[in-house]
Amino acid sequence: MSTPALRRGLRTLGTLLITLSAISPASSVFIIAPGVLSGAGTGAFYSFVAAAVVGVFMAFVYAELASAFPLAGGEYAIVTRTLGRLPGFAVLGLMIITQVLIVAVIALGVGTYLGVLLPGVPGSVIAAVTCVVAAVVGVFDIKLNAWVTGIFLAIEILALIVVSALGLLNPARSFTELLAHPVASDGGPATVGAIAIATSVAIFAYNGYGSAVYFGEETQDASRGIARAILMALGITVLAELVPVTAVLLGAPDLNALFASENMLSYFIDSRGGGTLDTVIGLAVALAIINAVLAIVLISSRMLFSSGRDRAWPSPVNRALAAVHPKFGTPWVATVGTGSVAALLCFVDPKLLLVVTSTSIVAVYAALCLGAIVGRRTGATAHAKYRMPWFPVAPVLALGVLVFVVYQNVLDPSVGRPSLIVTACVALLSIAYYVLVLRRRGGWKLADVTEEKAEEPA
C-alpha cells in the first residue's frame, strides 16, 4: 500500500501568504498588543523590539529544522526525528490540543467585530459558522486557498497601514521621548521588569512563522523554500506589528485615556480618524480573523493527516485522517474534522480555552530548541539545506527566554499556573498513550516521506 501523499502545488510565495494569514498581524495588533500596552505602557515599544530579537532566534531554529524535515506533521515530526519517538508523541499531543483550540479561540473574536453587521447574533454562533465555512473552503486545492488567504491578507495589511499613518503623520510626541522616557499605564515610569514581563506576551504576538513547515509536502523545493518562507514571515510580521504599535504610542492624543480605554485601538482610530473609519477598520480586522481561522484550519488538518499516516491512532481513524481528496489533493477528512471540532468548541468558555493553550507552545518551542542542538550533534539535521548562523547561540538564548516565560507563569496564579498544570497533564497523557498503546502494539511506525515521493502538481 502506497504512502498517502499531498499534491505539491505551492511555491514559496503561496506558503508565505498562508503562513502570514495564520499569524494575522492585524489580529495581533488589535487583540494581543493592548495586553502589552497595559503591562508596559509606552515601554511596549521595547517589549516588541525584544520579542523580535527572540523571534529571530526561534526563526533560525525553525528554518534549519524545517529545511531538514519539511513534513506535514510539523513540530511533532521534527521532534520525533531529532529527540526520539516518546518526546515526539508528547509534542503531537500538545499540538493537537493547542491547534484545534486556537481555531476556536480566534474564531470567537469574529463576533466582536462583526457585531455591527449582525446585531443580536451570539458571538459563539458566528464563530462556529466561521469554522465550518473555513473547513469547507480548506478542502479545495491548496493553490486556491493560497490565493484566498492572500486577498484577505492584503486587506489586513492595508488596515495596518492606515493605523500607522494616523499616528506617524500626526504624532503627539517625539520618538526620542518614547525611547528616553517610557511611561507605565498608570503614569509612572515604565520599569525594566514590567517591560520584560510584557515581552513574553509580545513574543506570542509574533508567533506563527514556523507554521510554514506544515506545507512542506505541498511546496516545491521545500527544503529551501520553507526556510525562506519562515524567515520572510518573521520579518514581515515584525514590520507589520511593530510599526502600527509604535504609531499608536506616538500618535495617541492622551496616553492616560489610551491605557484606560476598554478597546485601545478603537479609541486611537476614533480620536484620530473618526467613528466611520473605526467601523471600517473593525470590519477589516474581522476579515483578518476569518482569514486566520482558514489558515489555521489548513495547518491543523495537515498535522492530523500526518498523524493518521503515521498510524498514531486506531486503524479506522488512521485511514480516515490520511484520506486525500482525489481531485484537490488535500487531506479532506482531517480538514472537515478540524473545522467541525473547532465549531463545537466555540460554545465552550473562552477563558477555559485560553488556560489550555497559553503555555503549551512554550514546551513545544523548548523541544524544538533541544532538537536543533541534538540534531547537530547526532547528524540528524546534517542534510538540511539551510544552516542557522552563530550556532548554538539561537537555540540556547531562546531556551533561556522560555525559562523566563515559564517562571513568570509560575508567579501568575490566575492563568499562568493553571495553564502550566494543564500543559503538563496533556503531555503526561500523551506519554501514557504512547507507552500503553503504541509501544504495546509494536511501536510507532512513522511513514517514510521524502520530498521526491510527494505528488507533483498535475
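Values in this document were obtained by computation on a predicted structure and should not be read as measured data.

**A short note on the overall build of the protein chain**
In terms of helices and strands, the protein chain carries 19 helices and zero strands. Since a compact globule built from 458 residues should have a radius of gyration of about 23 Å, the 21 Å found for the protein chain is in line with a globular shape. Across its three principal axes, the protein chain shows a C-alpha extent of roughly 65 × 45 × 40 Å. With 458 residues in all, the protein chain has 55% of them scored as buried. For the protein chain, the exposed area adds up to about 18000 Å²; of that, 70% sits on carbon and sulfur atoms. Across the protein chain, the 26 positively charged side chains and the 22 negatively charged ones have centroids separated by 13 Å.

**With respect to the packing of helix 5 (residues 85-114) against helix 19 (residues 416-438)**
Packing of helix 5 against helix 19 leaves a shortest axis separation of 8 Å and a crossing angle of 130°. Considered as vectors, helix 5 and helix 19 are oriented oblique to each other. For helix 5 against helix 19, the interelement crossing comes out right-handed. Contacts from R85, L86, F89, A90, G93, L94 and I97 of helix 5 reach helix 19 at T423, V426, A427, S430, I431, Y433, Y434, V435 and L438. Each residue belonging to the contact of helix 5 with helix 19 can be placed in one class, and the counts come to 12 nonpolar, three polar and one charged.

**Points about the pattern of salt bridges**
Under the counting rule described, the total for this entry stands at six salt bridges. Here E64 ties to R387 by a salt bridge, and the two come within 3.9 Å at their closest N and O atoms. Residue E64 is located in helix 3 (residues 44-68), and its partner R387 is located in the loop between helix 17 (360-378) and helix 18 (393-410); the two are separated by 323 residues in the primary sequence. In this structure R387 comes out as partly exposed when scored by relative accessible area, which is 39%. Here E218 ties to R302 by a salt bridge, and the two come within 2.9 Å at their closest N and O atoms. Linking E218 in the loop between helix 9 (192-206) and helix 10 (222-251) with R302 in helix 13 (residues 275-309), this pair joins segments that are 84 residues apart in sequence. Considered together, E218 and R302 belong to a single accessibility category, that of buried residues. Through salt bridges with shared partners, a single network forms among E64, R376 and R387.

**Side note on helix 4 (residues 75-82)**
Of all eight residues in helix 4, seven are buried, a share of seventy percent or more. For helix 4, every residue scored as buried is listed here: E75, Y76, A77, I78, V79, T80 and T82. The elements touched by buried residues of helix 4 are helix 3, helix 5, helix 13 and helix 17. Once helix 4 ends, the next one or two residues include G84, with phi positive near 120°.

**Here we look at the packing of aromatic side chains**
The final tally for this structure, using the stated rule, is 13 aromatic pairs. When the ring of Y62 is compared with that of Y209, the centres are 6.1 Å apart and the planes differ by 85°; the resulting orientation is edge-to-face. Of this pair, Y62 sits in helix 3 while Y209 sits in the loop between helix 9 and helix 10, placing them 147 residues apart in sequence. Judged by centre distance (6.1 Å) and plane angle (80°), the rings of Y62 and Y365 are edge-to-face.

**Brief notes about a nonpolar patch on the surface**
Taken together, the side chains of L117, L118, V121, V125, V129, V133 and F347 define a hydrophobic patch exposed on the protein surface, amounting to about 590 Å² of accessible area. By the element assignment, V125 lies in helix 6 (residues 123-139). Under the relative-accessibility criterion, V125 is labelled partly exposed at 34%.

**Re helix 9**
Over its 15 residues, helix 9 extends 21 Å from the first C-alpha to the last, a length consistent with the 21 Å expected when each residue adds 1.5 Å. S200 marks the point of greatest bend in helix 9, at about 30°. For helix 9, every residue scored as buried is listed here: I195, A198, T199, S200, A202, I203, A205 and Y206. Along its buried surface, helix 9 packs onto helix 1 (12-23), helix 2 (25-40), helix 3, helix 10 and helix 18. Among the residues trailing helix 9, G208 stands out with phi positive, at a value near 125°.

**Here we look at the side chain of T80**
Within the element layout of this structure, T80 appears in helix 4. The contacts of T80, once residues within four sequence positions are left out, are R85, G88, F89, W444 and L446.

**What to know about the nonpolar core**
In terms of nonpolar packing, the biggest core is built from 148 residues, with F30, F48, L92, Y209, L258 and W444 touching the most fellow members. Ignoring sequence-local partners within four residues, the contact set of F30 consists of Y113, L160, V163, L265, I269, I281 and V285.

**So, a positive patch on the surface**
A cluster of basic residues, R85, R311, R441 and K445, forms a positive patch on the protein surface. Note on placement: R85 falls in helix 5. A relative accessible area of 39% places R85 in the partly exposed class.

**A word on unusual backbone geometry**
Where the residue is not glycine, phi is negative for most of them; where a peptide bond is considered, it is trans in most cases. Along the chain, F391 connects to P392 via a cis peptide bond; the corresponding omega equals 5°. Checked against the element boundaries, P392 lands in the loop between helix 17 and helix 18. Phi is positive for R311, which is not a glycine, with a value near 55°.

**Some words on the packing of helix 7 (residues 142-168) against helix 13**
Between helix 7 and helix 13, the least distance of the axes is 9 Å, while the angle of their chain directions is 145°. Considering only the axes of helix 7 and helix 13, their crossing is left-handed. The residues of helix 13 that touch helix 7, namely those facing I142, N145, V148, T149, F152, L153, I155, E156, A159, V162, V163 and L166, are L277, I281, A284, L287, A288, I290, N291, L294, L298 and R302. Of the residues contributing to the contact of helix 7 with helix 13, the split by class is 17 nonpolar, three polar and two charged.

**Concerning the environment of A66**
Following the sequence through the fold, A66 ends up in helix 3. Sequence spacing of A66 and Y386 is 320 residues, and the spatial spacing of their C-alpha atoms is 8.8 Å. Beyond its immediate stretch of four places on either side in the chain, A66 contacts I78, V213, I226 and I230.

What counts, and at which threshold
Residues numbered from 1 in each chain as written. Predicted model: local features only at pLDDT ≥ 70, side-chain atom pairs only at ≥ 80, totals over all residues. Heavy atoms only, no water. Helix = DSSP H or I, 4+ residues; strand = E, 2+ residues; numbered from the N terminus. Rg over C-alpha atoms; globule rule 2.2 N^0.38 Å. Buried < 20%, exposed > 50% of the residue type's maximum accessible area, 1.4 Å probe, protein only. Areas by Shrake-Rupley, 256 points an atom, 1.4 Å probe, with all protein chains shown as cover. Lys, Arg positive; Asp, Glu negative; His and termini not counted. Charge placed at Lys NZ, Arg CZ, Asp CG, Glu CD. Axes fitted to C-alpha atoms, helices over the stretch in contact; angles between N-to-C directions. Parallel < 35°, antiparallel > 145°, perpendicular 65-115°, else oblique. Left-handed = near helix turned anticlockwise from the far one by under 90°. Contact = heavy atoms within 4.5 Å. Nonpolar A, V, L, I, M, F, W, Y, C, P; charged D, E, K, R; others polar. Salt bridge = Lys/Arg side-chain N within 4 Å of Asp/Glu carboxyl O. Phe/Tyr/Trp six-rings, centres within 6.5 Å; stacked < 30°, edge-to-face > 60°. Patch = residues over 30% accessible without salt bridge, like charges linked within 9 Å, V, L, I, M, F, W, Y side chains within 5 Å. Expected span 1.5 Å × (residues − 1). Bend = angle between axes of the 7 residues up to and from the residue. Core = buried A, V, L, I, M, F, W, Y, C linked by side-chain atoms within 4.5 Å.

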